[in-house]
Amino acid sequence: MLDADTKRRIDNCRDILVGKVPDPKSQVEQITIALIYKFMDDMDAEAEELGGVRTFFAGTFARFSWSQLMAPSLGGFEVLALYSEAIQSMRENPGVPELFRDIFKNAYLPYRDPETLKSFLKEINGFTYDHSERLGDAFEYLLSVLGSQGDAGQFRTPRHIIDFMVAVLDPQKTDTILDPACGTAGFLISAWKHILKANTSPDSKFPGDLLTPDERTRLASSIKGYDISPDMVRLSLVNLYLHGFADPHVVEYDTLTQDDKWNELADVILANPPFMSPKGGIKPHKRFSVQATRSEVLFVDYMAEHLTATGRAAIVVPEGIIFQSGTAYKALRKMLVESSLVAVVR
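Residue positions are counted from 1 within each chain, in the order its sequence is given. A pLDDT threshold of at least 70 governs which residues receive local features in this predicted model, and a stricter bar of 80 or more applies before side-chain atom pairs are shown or counted, although totals over entire chains, interfaces and linings include all residues. Side-chain metrics rest on all non-hydrogen atoms present in the structure, leaving aside hydrogens and water.

### With respect to the sheet that holds strand E2 (residues 223-227)
The condition that has to hold: At least two DSSP bridges between two strands are needed for those strands to be called paired. Only DSSP runs of H or I reaching four residues or more are called helices, and only runs of E reaching two or more are called strands; each is numbered from the N terminus. For helices, the fitted axis covers only the stretch in contact; all axes are lines through C-alpha atoms, and the angles between them, taken along N-to-C directions, range from 0 to 180 degrees. Contact between two residues is taken to exist if any of their heavy atoms lie within 4.5 Å; hydrogens are not considered.
Strand order in the open sheet made by the 5 strands is E3-E2-E1-E4-E5, with parallel pairing throughout. Of all strands in the sheet, those with a lone pairing partner are strand E3 (249-252) and strand E5 (307-315), marking the two edges. Each neighbouring strand pair of the sheet contributes to a mean axis angle of 20°, computed without reference to strand direction. Of the pairings in the sheet, the one linking strand E4 (residues 266-271) to E5 comprises 5 bridges and is parallel in character. Residue pairing across strands places Leu270 opposite Ala314, the latter belonging to E5. Strands strand E1 (177-179), E2, E3 and E4 of the sheet are contacted by helix H9 (residues 186-198), whose axis makes an angle of about 160° with E1. Sheet strands in contact with helix H12 (residues 295-305) are E2, E4 and E5, and its direction is about 150° off that of E5.

### Quick notes on the pattern of salt bridges
In a structure, side chains of opposite charge can pair up when their charged atoms sit close to one another. Short version of the rule: Any carboxyl oxygen of Asp or Glu within 4 Å of a side-chain nitrogen of Lys or Arg constitutes a salt bridge here. Burial classes: relative accessible area under 20% of the type maximum marks a residue as buried, over 50% as exposed, and values in between as partly exposed (1.4 Å probe, protein chains only).
What the rule picks out here adds up to 20 salt bridges. Two residues, Glu215 and Lys173, come together in a salt bridge whose shortest N-O distance is 3.0 Å. Here Glu215, found in helix H10 (residues 213-221), pairs with Lys173, found in the loop between helix H8 (159-169) and E1; they are 42 residues apart in sequence, far enough to count as distant. The partly exposed category is assigned to Glu215, whose relative accessible area is 25%. Accessibility expressed as a relative area gives 29% for Lys173, which makes it partly exposed.

### Describing the nonpolar core
Rules: In this description, a nonpolar core means a group of buried Ala, Val, Leu, Ile, Met, Phe, Trp, Tyr and Cys residues linked to one another through side-chain atoms lying within 4.5 Å.
If you look at the biggest cluster of nonpolar residues, it comprises 77 residues, and the most contacted ones within it are Tyr37, Tyr83, Phe100, Phe120 and Leu270. Sorting elements by how many residues they give to this core places helix H2 (residues 24-49) first, with 10 residues. Once residues within four sequence positions are removed from consideration, Tyr83 is found in contact with Gln30, Ile33, Ala34, Tyr37, Leu69, Leu109, Leu117, Phe120 and Leu121. Core analysis: the second largest hydrophobic core is formed by 25 residues, Tyr253, Ala266, Phe299 and Leu307 among them.

Structural measurements only, silent on function.
Below is the structure:
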């Protein structure tokens, strides 16, 4: 449940940025980068308190630490220069794990107003790092500002639809789970929460307390996602990390035109893939059963073909899949009805 103070802080961050960064997607990216920056410093501070050493802001990168950035002695333009240099060079930091380097890939500050940055960083300073649901829910709320439709035909799936689809499939702790067009990883996180809840003792305050450490590690490694957009991959990596995935398995991959993951199957597939086909159609690789150039046909075919023998899938589709009279649509419907279709929920 998103608490009011965290929601207020996120809204304040967006309000501060909107004059300089009007695009909601860019706002989300700037807040994401700043939060991860702050959280890395929090983790360094925690390591020191426990008798360890700093790893994120050490050596030549010590000058970029959050405390240095927030030092009262620094003027506005000095803070601007330091922060801008930090986020652009962080991907070269040897103390930063690959996950965080991916997050800082191509990061930059899109404005040069020191007062805006000062106000923004002051608001970010109010956030503290932990792995609680509170922070994960806060990030989910932040992602919701992206709006209903992305620039590549992606549609943000309402939470109750995601949770319904997961409940119907009822993923288990031994399942492999895939979203081949994962966006911000909403389906993957819902499946994770569903399994944790099913493996939690009645009076426990710790989700998934009935899972052994090996079972939890195996489950986290069995939840995977692909997305064609590097921005969506970056956001999904952060989202999964904030929900307890130390090493999330989401990669940049074009499900319809690349085929190097074609032989990877899953027990559970959940997706709301993008259904916008470019002019002239998709030019897919040659391994699909149904010959088509429309993304909605290809995505449904892909999911049907990538289930294990006992696998199951839930997919959001446009009505055209059911009613269109084109050859590819008919071939897809024939294949589904004869081999795997259980229900259409409208």
